[in-house]
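Architecture at a glance
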Number of protein chains: 2
Amino acid sequence: MSQVTNFAYEQLEIGQRAELIRRVEARDVQLFAAVSGDNNPVHLDAEYAATTMFKGQIAHGMFSGALISAAIACQLPGPGTIYLGQNLSFSRPVKLGDTLRVELEVLEKQPKGRVRMATRVFNQHGEQVVDGEAQVLAPRSAQTLEMPAIPAVTIGN
Amino acid sequence: MSQVTNFAYEQLEIGQRAELIRRVEARDVQLFAAVSGDNNPVHLDAEYAATTMFKGQIAHGMFSGALISAAIACQLPGPGTIYLGQNLSFSRPVKLGDTLRVELEVLEKQPKGRVRMATRVFNQHGEQVVDGEAQVLAPRSAQTLEMPAIPAVTIGN
């Protein structure tokens, strides 16, 4: 268990940022294939992927979406946030071994607790791989929450 | 291994549809937590989730996004599609045990192989839980591909 303190709507400031860094491992691509059902060989088969325009295995685009959603839900605004919407533009492929930096920024505080946020993802070369915006309902009050352990998962038979 | 035949840009027709049906199991929520890192108790802790406005465990919003992306990548247009963008609007929570129907529809064929698609998700009551649109680059030519097996995954220590 770990504790996470969220940001209530009234605490959020325009320009406030959070970031999440994550190296993309083969394990992530395999897990994302298992949970989504997307078993395309460009993600799972190194030999096939080498013959494509990507010249190697790439992560599922929506894996970056999953990281953005986790950064929102666990960091900014954090637990208690309600996810209303997300726009994603996938501008570059994410390769196995890339280190992604998800950057969140509060863009606008709207009525009734709504917040518009920039959601950008960069690779280790500083190239933007995903651009987009999230629309969320921020928590009404600050809260410190016990977070359950992330489930242990084993891949393979 | 299984074989999947995609739809090339020239084969796609306005109004063409595909659907994917999926029951949301506790396992899906645990896997999505593991791959995204979002370990919020509203997803993972039944006791805590019962005290929230959702009155029970809910799936991560972006899990629906993952199913949409899989339906695009595996069915319509299928393998070889390049995912350019996705808008998602989360209108209702998805609960454990819900059966989701992801519906794709070709809305517009644009120049240079680009296709705009409606991406809608409904629950077993026919209520729409996600609305949105995808922007994709359809495959240039029809192709039948060997799809790798979905990785076997075990949850727990």
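Thresholds applied
- Residues numbered from 1 in each chain as written.
- Chains lettered and ligands numbered in written order.
- Predicted model: local features only at pLDDT ≥ 70, side-chain atom pairs only at ≥ 80, totals over all residues.
- Heavy atoms only, no water.
- Least-squares fit on C-alpha atoms with pLDDT ≥ 70 in both.
- Contact = heavy atoms within 4.5 Å.
- Phe/Tyr/Trp six-rings, centres within 6.5 Å; stacked < 30°, edge-to-face > 60°.
- Lys NZ or Arg CZ within 6 Å of the ring centre and 35° of its normal.
- Pairing = 2+ DSSP bridges.
- Helix = DSSP H or I, 4+ residues; strand = E, 2+ residues; numbered from the N terminus.
- Axes fitted to C-alpha atoms, helices over the stretch in contact; angles between N-to-C directions.
- Core = buried A, V, L, I, M, F, W, Y, C linked by side-chain atoms within 4.5 Å.
- Buried < 20%, exposed > 50% of the residue type's maximum accessible area, 1.4 Å probe, protein only.
- Salt bridge = Lys/Arg side-chain N within 4 Å of Asp/Glu carboxyl O.
- Buried area = accessible area lost by both parts, 1.4 Å probe.
- Polar contact = N/O pair within 3.5 Å; in protein donor to acceptor, adjacent residues only side chain to side chain.
- Nonpolar A, V, L, I, M, F, W, Y, C, P; charged D, E, K, R; others polar.

Before going further, it helps to examine the relation of the copies chain B and chain A. Each copy superposes on the other: chain B lies on chain A with an RMSD of 0.0 Å after a rotation of 180° and an axial shift of 0.0 Å. One copy is carried onto the other by what is essentially a two-fold rotation axis. Every residue of chain B has its C-alpha some distance from the rotation axis, and the shortest such distance is that of Asn87(B), at 2.1 Å. Looking at the interface residues of chain B, 100% of them are also at the interface in chain A, so both copies use one shared face.

Following the criterion strictly, the structure yields four aromatic pairs over all chains and no others. Lying over the aromatic face of Tyr9(A), Lys109(A) brings its terminal NZ or CZ to 4.6 Å of the ring centre.

This part is about the sheet that holds strand S4 (residues 99–109) of chain B. With antiparallel pairing, ten strands are arranged side by side in an open sheet as S2(A)-S4(A)-S5(A)-S6(A)-S3(A)-S3(B)-S6(B)-S5(B)-S4(B)-S2(B). The open sheet is flanked by strand S2 (17–23) of chain A together with strand S2 (17–23) of chain B, the only strands paired with a single partner. Adjacent strand axes in the sheet meet at a mean angle of 20°, parallel and antiparallel pairs treated alike. Pairing geometry for strand S3 (residues 82–90) of chain A and strand S3 (residues 82–90) of chain B, over five bridges, is antiparallel. Following the sheet pairing, Ser89(A) is matched in S3(B) by Gly85(B).

Residues and elements named next belong to chain B. Inspection of the sheet shows S2 paired to S4 by seven bridges, in the antiparallel sense. Paired with Leu20 across the two strands is Val102, which belongs to S4. With eight bridges joining them, S4 and strand S5 (residues 114–122) adopt antiparallel strand pairing. Paired with Val106 across the strands is Met117, a residue of S5.

This brings us to the environment of Thr154(B). Turning to its location among the elements, Thr154(B) is positioned in strand S8 (residues 153–155). When the C-alpha atoms of Thr154(B) and Gly15(B) are compared, they prove to be 39 Å apart, with 139 residues separating the residues in sequence. If we ignore the near neighbours within four places in the chain, the residues touching Thr154(B) are Ala152(A), Val153(A), Thr154(A) and Gly156(A).

This paragraph deals with the nonpolar core. Soluble globular proteins: nonpolar side chains tend toward being buried together. If you look at the biggest cluster of nonpolar residues, it comprises 74 residues, and the most contacted ones within it are Ile68(A) and Ile68(B). Among all residues touching Ile68(A), those that are not within four sequence positions of it are Tyr83(A), Gln86(A), Leu88(A), Val102(A), Leu104(A), Thr119(A), Val121(A) and Val130(A). Membership of the second largest hydrophobic core comes to six residues, among which are Val42(A), Ala49(A), Ile58(A) and Leu84(B).

All names here are of chain A. Inspection of the entire model under this criterion finds 20 salt bridges over all chains. Put simply, Glu105 and Arg17 hold a salt bridge, and the shortest N to O gap is 3.2 Å. Highlighted residues: Glu105 in strand S4 (residues 99–109) and Arg17 in strand S2, separated in sequence by 88 residues. Owing to a relative accessible area of 13%, Glu105 belongs among the buried residues under this scheme. For Glu103, the salt bridge is made with Arg101, and the minimal N-O distance between the two is 3.0 Å. Within this structure, Arg17, Glu19, Arg101, Glu103, Glu105 and Arg120 form a network of salt bridges that share partners.

Attention now moves to the interface of chain B and chain A. Tallying the contact residues gives 53 residues for chain B and 53 residues for chain A. Across the interface of chain B and chain A, roughly 4300 Å² is buried in total on both sides, 65% from carbon and sulfur atoms. On the chain B side of the interface with chain A, the three residues burying the most area are Val35(B), Asn39(B) and Met62(B), jointly 15% of the side's total. On the surface where chain B and chain A come into contact, there are zero salt bridges. Across the chain B-chain A interface, the total number found is 13 residue pairs in polar contact (both at pLDDT 80 or more). Sorting the residues of the side of chain B that touches chain A by element identifies helix H1 (26–36), helix H2 (41–44), helix H4 (61–74), S3, strand S7 (144–147) and S8 of chain B as the ones contributing at least two each. Its residues assigned to classes, the side of chain B that touches chain A comprises 32 nonpolar, 16 polar and five charged. Bridge analysis of strand S8 (residues 153–155) of chain A against S8(B) gives three bridges, and the strand direction is antiparallel. The residue of S8(B) that forms the bridge with Val153(A) is Ile155(B).

Tracing the backbone shows Asn40(B) in the loop between H1 and H2. Given a relative accessible area of 5%, Asn40(B) falls into the buried group. For Asn40(B), the side chain forms a polar contact with the main-chain oxygen of Ala73(A), separated by 2.9 Å. Setting aside residues up to four positions removed in sequence, Asn40(B) forms contacts with Ala73(A), Cys74(A), Pro79(A), Gly80(A), Met147(A) and Pro148(A).

Spatial relationships are all this shows, so hold off on functional conclusions.
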